[in-house]
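# Close look at the chain arrangement
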Amino acid sequence: MSSSTVAGCGWRTTPAGEAYSTSGYPRSRGSMAVFWADRKAEEIRGRRKFHYLDRELPEFERYVVKSSASISGVLHIGRLSDTIRGESVVRALRDAGEEAALIWVAEDMDPLRKIPEGVPGELEEYIGTPVSSTPDPWGCHSSYAEHHVSEYLEVMGEFLEVEPERYSMREEYRRGSFRPYIKKLLENLELVVEILNKYRKEPLEGGWSPFTPVCKSCGRIITPRVERFDGRKVHYRCRDYSFEKHIARGCGYEGEADPLRDEGKLMWKSEWAAQWARWRVASEGAGKEYVVPGSAWWVNAEICERVLGFPMPVPIFYEHLMVAGEKMSASLGNVIYPREWLRVAPPQLLRFLYNKKLMKTRSFSWRELPKLYDEYDYVARVYHGMESVDNEREEEHLRRLYEMSQIGEPQPALPLPFSHAALVAQLFSSREAILASLKRSGHYVEELEEELLRRVAYAREWVVRHAPERKLSLLESLDDVRDTLSPEQRRFLRLLHEWLSQGERSGEEIQEKIFLLAEEAGVKAPLAFRAIYLVTLGSPRGPRAGPFLASLDRDWLLTRLREAGE
RNA sequence: GGGCCCGUAGCUCAGUCUGGUUAGAGCAUCGGCCUUUUAAGCCGAGAGUCGCGGGUUCAAAUCCCGUCGGGCCCGCCA
């Protein structure tokens, strides 16, 4: 085993088990990039040697960044993180003048391990069967896997600029793409076992094989237990296998399979390695749980280099997204789906969230969406040179961050805070009324009309779905506010009541009249407005008074003003 | 027992790799201005022992060591 030091490339070849620092800053000297993906690109391009071997790196005709997804589960925004971040590295490589590609692999040979909620029909008997052999319970696709994959691809397309090359593990195995690697792994079985055992408490049993066949009798992939490998074929028996919650029932069949001809797949610790070698992967993202020595990443890395002769990819380790401080999970009921996201925010905003520092836990909550928008708008202004930052490198970083968050042409900076959009959305519904309001409030820019309207629409959805507390709600009782009104304010409210009861008035008429009545009542305009908001909303401020009052139920308003003026 | 990440203003964070003027931003808060943009705009203010303790240095949020708190991970399987 080699553990020599490779100087100057940002990598130390480490003995197995030694920690890998993921501080986000490669150890290379002279790195000038400020953005993490550009640094990754530098790391990828600057690498000269294998990690576990003292061997020169092969030529990369192009740099492949891989992302993949197990598709047994539901697609939530957390799962987009790996692909979005991988894509950023591809873009960084391209910007550095390299050829680079993003590939996306559907792990559709993986067994069905659980049945997500809301799946119709009876799939219990398919537990343990490859998801690509499990029927589509919705009946619209050729398999359970196909159903989910098509959804993945469609959704990913909305969040990506670089179109990924798509692969299916099922197809790859069928086409024999993995045959050379399976062959190599089996030829070097002793070495594979040695590497795996280094990280295990209990050594693997004799007869173990990295290849698991699909049971020729029942079609499950998880139940066949390999008992012997005779150098050419694996001999197995189909036995029960327990997942966390479900049990895959083995059928008891005993048989043999040829790893180079028959259906089956590699075990995860070796399959990942084979994937890297097969696609000549230069880099891949992985959750921070893989950073730890002995994790599947490092086991595969060592197999990849020492057995398959291909250098491990440069890892893109990242922290996971938290939702309101908790892990996103179906059992907690806080799962956010991409469709849900797109109702209230553009894909750029999610890209923005994911392109910020890698190794920092990102906590998202619907309530904080306006903050994310504000931050995004700020960075947009920096990008467009409308705002300057003291620290030059930080400014450079923000510009790059914005650029990477874009899909196609960079979006203009919108001069409309999301929380204000949320207000406008509740007061006006027609296009004309919204635009008129934005003009009045100085948030209008002619060239950005469509973008502004879109933001108002996002904000409307957000209030309805995720921010009920932002809904404008009328004060039920005057009890708490009556004493806070001065005699002048009451007089003003009486005058307003008197004037309004004479007939219907438009918002603008009311707006203008308020100032006159305030003067007449001997109260300063700001205090008059304050009185209005107090007796209607119970708060000292509110939306532009004229249109607001005009939008209220007339009878309710007159009654309220009369009572308040008493 | 071990590893990785995070800990900077009430909140969300930037700045840490490459040490260097009084540590920044947004939001929130508070104050002022506005007879017509009243949840807006403009002006201003308060607010931080940069988790804590050592060390290196002329100089530390930044580098090193230790420590505390939070998160994640360290059988098997994927």
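Our subject is the structure that appears above.
Summary of the structure given here. This one's a predicted model, so the numbers in the text were calculated from it and none came from an experiment. As a convention, each chain's residues are numbered from 1 in the sequence order in which they are written. Lettering of chains starts at A and numbering of ligands starts at 1, both following the order in which they are written. Local features in a predicted model are, by the rule used here, given only for residues with pLDDT of at least 70; side-chain atom pairs are given and counted only at 80 or more, and totals for whole chains, interfaces and linings are based on all residues. To get the side-chain values, take all heavy atoms of the structure and skip hydrogens and water.

## Overview of the overall build of chain A
Within chain A, the secondary structure is distributed over 20 helices and 15 strands. Oriented by its inertia axes, the alpha-carbon framework of chain A measures out at about 100 × 60 × 40 Å. Burial status across chain A gives 52% buried among its 566 residues. Contacts in chain A between residues at least 24 apart in sequence constitute 67% of all its contacts with a sequence separation of at least 6. For chain A, the exposed area adds up to about 26400 Å²; of that, 46% sits on carbon and sulfur atoms. Here chain A contributes 81 positive and 88 negative side-chain charges, whose respective centroids are spaced 3 Å apart. Put simply, DSSP marks the helices as runs of H or I at least four residues long and the strands as runs of E at least two long, and each gets a number from the N terminus on. In this scheme, a residue with accessible area under 20% of its type's maximum is buried, one over 50% is exposed, and one in between is partly exposed, where area comes from a 1.4 Å probe on protein chains only. The criterion used for residue contact is that any of the two residues' heavy atoms lie within 4.5 Å. Here the Shrake-Rupley method, with its probe set to 1.4 Å, supplies the accessible areas, and only the displayed protein chains count as covering residues. Charge counting follows a simple rule: Lys and Arg are positive, Asp and Glu are negative, and His as well as the terminal groups are ignored. Note that the charge is assigned to NZ on lysines, CZ on arginines, CG on aspartates and CD on glutamates.

## What about the packing of aromatic side chains?
Here the aromatic set is Phe, Tyr and Trp, taking the six-membered ring for Trp, and pairing holds for ring centres within 6.5 Å; pairs whose planes are under 30 degrees apart are stacked, those over 60 apart are edge-to-face, and all others are tilted. Counting across every chain of the model gives 26 aromatic pairs. Measuring from centroid to centroid gives 5.3 Å for F515 and F529, while their planes differ by 65°, and the two rings are edge-to-face. Of the two residues, F515 is situated in helix α17 (residues 507–521) and F529 in helix α18 (residues 525–536); the sequence distance between them amounts to 14 residues. We classify F515 as partly exposed; its relative accessible area is 42%. In this structure an aromatic cluster arises from ring pairing among W268, W272, W276, Y290, W297, W298 and F317. To sit over a ring, a charge needs its Lys NZ or Arg CZ within 6 Å of the ring centre and within 35 degrees of the ring normal. The lysine or arginine in question, R55, covers the ring of F50, its NZ or CZ lying 4.9 Å from the ring centre. One cation-aromatic arrangement involves K439 over Y444; the distance from NZ or CZ to the ring centre is 4.8 Å.

## Brief notes about the pairing of strand β1 (residues 63–70)
Burial within β1 is extensive, with six of its eight residues counted as buried. Sheet topology note: the β1/strand β2 (residues 100–107) ladder contains eight bridges and is parallel. Paired with Y63 across the two strands is A100, which belongs to β2. Think of it like this: strands point away, you trace from the first strand over the helix to the second, and a clockwise trace means the crossover is right-handed. Where the polypeptide runs from β1 across helix α2 (residues 77–95) and back to β2, its parallel neighbour, the crossover connection is right-handed. Only strands that DSSP links by at least two bridges are regarded as paired with each other.

## What to know about unusual backbone geometry
Positive phi, close to 140°, is recorded for S270, a residue that is not glycine. Secondary-structure assignment places S270 in helix α7 (residues 268–279). Residue classification places S270 among the buried positions, given a relative accessible area of 0%.

## Details of the sheet that holds strand β6 (residues 234–238)
Spatially, three strands are ordered β5-β6-β9 in an open sheet, and the strand pairing comes out antiparallel. What marks the edges here is a single partner per strand, and that holds for β5 (224–229) and β9 (254–257). The mean inter-strand angle of the sheet, taken between neighbouring strand axes irrespective of direction, is 30°. Axis lines are fitted to C-alpha atoms, over the contacting stretch for helices. Their N-to-C directions set the angle, which ranges from 0 to 180 degrees.

## Overview of the nonpolar core
Nonpolar side chains in soluble globular proteins tend to end up buried together. Residues grouped as a nonpolar core are buried Ala, Val, Leu, Ile, Met, Phe, Trp, Tyr and Cys residues, joined through side-chain atoms within 4.5 Å. Formed by 145 residues in total, the largest nonpolar core has its most connected members in W297, I303, W341, L350, F364 and L369. Sorting elements by how many residues they give to this core places helix α11 (residues 369–383) first, with eight residues. What F364 contacts, discounting residues up to four positions off in sequence, is L321, M322, V323, A324, I336, W341, L353, L369 and L372. If you look at the next biggest cluster of nonpolar residues, it comprises 32 residues, including W499, A528, F529 and L561.

## Quick word on the sheet that holds strand β3 (residues 165–168)
On the basis of which strands lie adjacent, the open sheet formed by five strands has the order β3-β2-β1-β11-β12 and parallel pairing. On the outer flanks of this sheet lie β3 and β12 (314–318), each paired with one strand and no other. In this sheet, neighbouring strand axes are inclined to one another by 25° on average, regardless of whether the strands run parallel or antiparallel. Each of β1, β2 and β3 is contacted by helix α3 (residues 144–159), which is oriented at about 150° to β2, the strand it contacts most.

## Concerning the environment of P487
Assignment of secondary structure puts P487 in helix α16 (residues 487–500). Sequence separation of P487 and V344 is 143 residues, and the distance between their C-alpha atoms is 45 Å.

## Structural notes on the packing of α16 against α17
The packing of two helices is summarised by the inter-axis angle and the distance between the axes. Axis separation between α16 and α17 bottoms out at 9 Å; the angle between their running directions is 135°. The pairing of α16 with α17 is recorded here as oblique in orientation. Our pair here, α16 against α17, has a crossing hand that is right-handed. The segment α16 lies against α17, with E488, R491, F492, L495, L496, W499 and L500 engaging E509, I510, K513, I514, L517, A518, E520 and A521. Any angle from 65 to 115 degrees is called roughly perpendicular, while one under 35 is roughly parallel, one over 145 is roughly antiparallel, and all others are oblique. With the far helix as reference, a near helix turned anticlockwise by less than a right angle produces a left-handed crossing, and one turned clockwise produces a right-handed crossing.

## Some points on the pattern of salt bridges
One speaks of a salt bridge when a side-chain nitrogen belonging to Lys or Arg is within 4 Å of a carboxyl oxygen belonging to Asp or Glu. Counted according to the given criterion, the structure contains 42 salt bridges. Here E461 makes a salt bridge to R465, at a shortest N to O gap of 2.7 Å. Residue E461 and its partner R465 are located together in helix α15 (residues 449–466), separated by four residues, close to a single helical turn. Through salt bridges with shared partners, a single ionic network connects D38, D95, R400 and E403.

## Concerning the environment of L416
Residue position: L416 is located in the loop between α12 (392–405) and α13 (418–427). According to the relative accessible area criterion, L416 is buried, its value standing at 0%. Each C-alpha atom of the pair L416 and A69 lies 37 Å from the other, and the pair is 347 residues apart in sequence. Look past the residues within four positions of L416 in its chain and what remains in contact with it is D377, A421, L438, H443, L452, R455 and V456.

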